[in-house]
Amino acid sequence: EAIEPSPEDESISDITLRLDYQLRHILVDEFQDTSGAQIKLLEHLIAGWQPDDGRTLFLVGDAMQSLYGFRNANVGLFINAQRHPIGPVQCTPLALSCNFRSQKGVIDWVNDTFSEAFPAVPDISRGAVPYSASEAFKASGADPAVSFQGFCGDDYQQAEADYIAQTCRDICDNQPGESIAILVRGRGHLKSIVPALREAKLKWQAIDITPLASRMPVIDMLSITRALLSPADKIPWLALLRAPFCGLNAADLLTVSNSTFGTSCNQSVGSKQGDAILAQLERLSNSDDHNAAFKQLSVHGQSALNRVVPLLLSAWKNRSRNSLRETVEQLWVELGGPATLNGSADLSDVRSYLDLLENWQRAGSLPDWTGFQQAVEKLYASPSGDNGSDNTGQTVIQLMTIHKSKGLEFDHVILPGLARSSGSDNKPLLRWCQHIDEHNQMSLMMAPLGAHDEEDDSVYSYLKHEDAFKTRLENTRVLYVAATRAIRKLYLSASLKAAKKQGWLV
């Protein structure tokens, strides 16, 4: 009697079967940050495997370094993978305890500190992971491996920044060639530190710190794009004229902004009301008419308009013949944009912007301008060449978030602002929790936010409490990851406040 195929079997295509036949070994790194959806994917990949068929599944991870709860990572899945099979495969757990990165002084401090900071009892559903001590491979150094500096007062941030800059200067002078990293929880924590490093004339490199939308070359590209999309919008057009490749001063911009010429302008731009700003520019640049507005411009303004307006008009009339990316890039080049860049990092930022524009454009236009702006804000600028690579041998200080430093190592690690916290949404519209128990069974709990005049229901309050508890556990793991990036020395600093009793509290 024929066996009816299951729905899962029917969904397996010939290509899937062929790929399954070729796939013999799978290695998953950073497995402690796996989500439920990724576990399902892995189970489908190995669904047809048989015992002793020569295929292997290798999972690598450290539960104490699980940091991505905000991406739905569930460290409980990592713990259960050591006890229960994944699909048809039961993995054999192997524990490594020797640390080959840090010197013994750092390892001893980490063991003493985090053995008390981590929970004593594991809790799979909450992601509570007990501490596992490490053994140092490298001997201790002559100087203390870990130091702490506290700051108080209203101007503690500046005092902390000056201390960090002086510490970096001392390292550069006394231990040249040794790497330095300043690791922070949030990008805003570098607000005072970067100016202090610059004041101390230190070389630094910021990785994924500066938003692309805040870089002036990209702001200028946004102005060009918006101007070509909205001829009646004066703000991007005036911003474009103020850009360094056009160079009109504030007085000339005021003259251009106050000029009105109605619909009697040259028909090459069109007589629609929406084309008024372009028509104004064309009329102003026509010095043969000797109009009063043109004479009010400075000599430089007259020369600049005579140069750039024909280019702007040509780009506007031919905008539909090429893609939006090509039109924007060509106009930027013709206006002299590349000559205004300051190093290769600026050029890389402009290319990143143009690549993003190419992905968002549709038929020579940009239907979702708001979405495109949000996409730009999610990109980060390339590390500055002036403050980054150094051919003189001077130490380059790395600035990055703790999450970005994961997997890296540095001779000296500085952790400032330990008393500061990152922002969070305390009342999202919907809370949910994917619960996993010790038997590897999953369940989902959800609750919506009540009306503004209603008290939160018990389920929502419970989920809020659970989120706060998991956040505290993860914050401990974040600090652990940051501390274990240090090879030779770890520098800690934080603001202090007076305690009710004698002493200070972080």
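Scope of this entry: the structure provided in the associated data block. The residue numbers shown here count from 1 along each chain, following its written sequence. Thresholds applied to this predicted model are a pLDDT of at least 70 for local features of residues and 80 or more for the giving and counting of side-chain atom pairs; totals over whole chains, interfaces and linings are not thresholded and use all residues. Hydrogens are left out, water is left out, and the side-chain values use all remaining heavy atoms of the structure.

### Some words on the environment of Leu492
Threshold: Working definition: helices are DSSP H or I runs of at least four residues, strands are E runs of at least two. Numbering for both runs from the N terminus. Buried, partly exposed and exposed residues are distinguished by accessible area as a fraction of the type maximum, computed with a 1.4 Å probe on protein chains only: under 20%, between the cut-offs, and over 50%, respectively.
Along the chain, the position of Leu492 falls in strand E12 (residues 486–495). Using a relative accessible area of 9% as the deciding quantity, one classes Leu492 as buried. Separated by 344 residues in sequence, Leu492 and Phe148 place their C-alpha atoms 4.6 Å apart.

### Observations concerning unusual backbone geometry
Residues other than glycine seldom take positive phi values, yet Glu30 does so here, at roughly 50 degrees. By secondary structure assignment, the location of Glu30 is in the loop between strand E1 (25–28) and helix H3 (36–45). We classify Glu30 as partly exposed; its relative accessible area is 35%.

### Observations concerning helix H5 (residues 104–117)
The periodicity of an α-helix, 3.6 residues per turn, causes residues three or four positions apart to be oriented the same way. Rules: The span expected for a helix works out to 1.5 Å for each residue beyond the first. Here a residue-residue contact requires only that any non-hydrogen atoms of the pair lie within 4.5 Å. Under the rule applied, a polar contact is a pair of N or O atoms within 3.5 Å (in protein, one hydrogen donor and one hydrogen acceptor; residues adjacent in sequence only if both atoms are side-chain atoms).
For H5, which comprises 14 residues, the first-to-last C-alpha distance of 20 Å matches the rise-based estimate of 20 Å (1.5 Å per residue) to within 8%. Among the residues of H5, Gly105, Val106, Ile107, Val110, Asn111 and Phe114 are the ones counted as buried. In this structure, the buried side of H5 is in contact with strand E3 (98–103), strand E4 (135–138), helix H18 (458–483) and E12. The N-capping residue of H5, defined by a side-chain oxygen 2.9 Å from the backbone nitrogen of Gly105, is Gln103.

### As for the packing of helix H8 (residues 216–229) against helix H9 (residues 234–242)
Formally: To obtain each axis, a line is fitted to C-alpha atoms, and for helices this fit is confined to the stretch in contact; angles are then taken between N-to-C directions over 0 to 180 degrees. Orientation is classified from the angle alone, with under 35 degrees giving roughly parallel, over 145 giving roughly antiparallel, 65 to 115 giving roughly perpendicular, and any other angle giving oblique. Helix crossings fall into two classes, left-handed where the near helix is turned counterclockwise from the far one by less than a right angle and right-handed where it is turned clockwise. Under the scheme applied, nonpolar residues are Ala, Val, Leu, Ile, Met, Phe, Trp, Tyr, Cys and Pro; charged residues are Asp, Glu, Lys and Arg; polar residues are all the others, including Gly.
Interhelical geometry of H8 versus H9 gives an angle of 135 degrees and a closest axis separation of 8 Å. Taken together, H8 and H9 sit at an angle that is classed as oblique. Here H8 runs over H9; the crossing is left-handed. In this structure, H8 contributes Ser223, Ile224, Arg226 and Ala227 to the contact, and H9 contributes Pro236, Trp237, Ala239 and Leu240. When grouped by side-chain class, the residues that make up the contact of H8 with H9 number 6 nonpolar, 1 polar and 1 charged.

Purely geometric numbers; function is a separate question.
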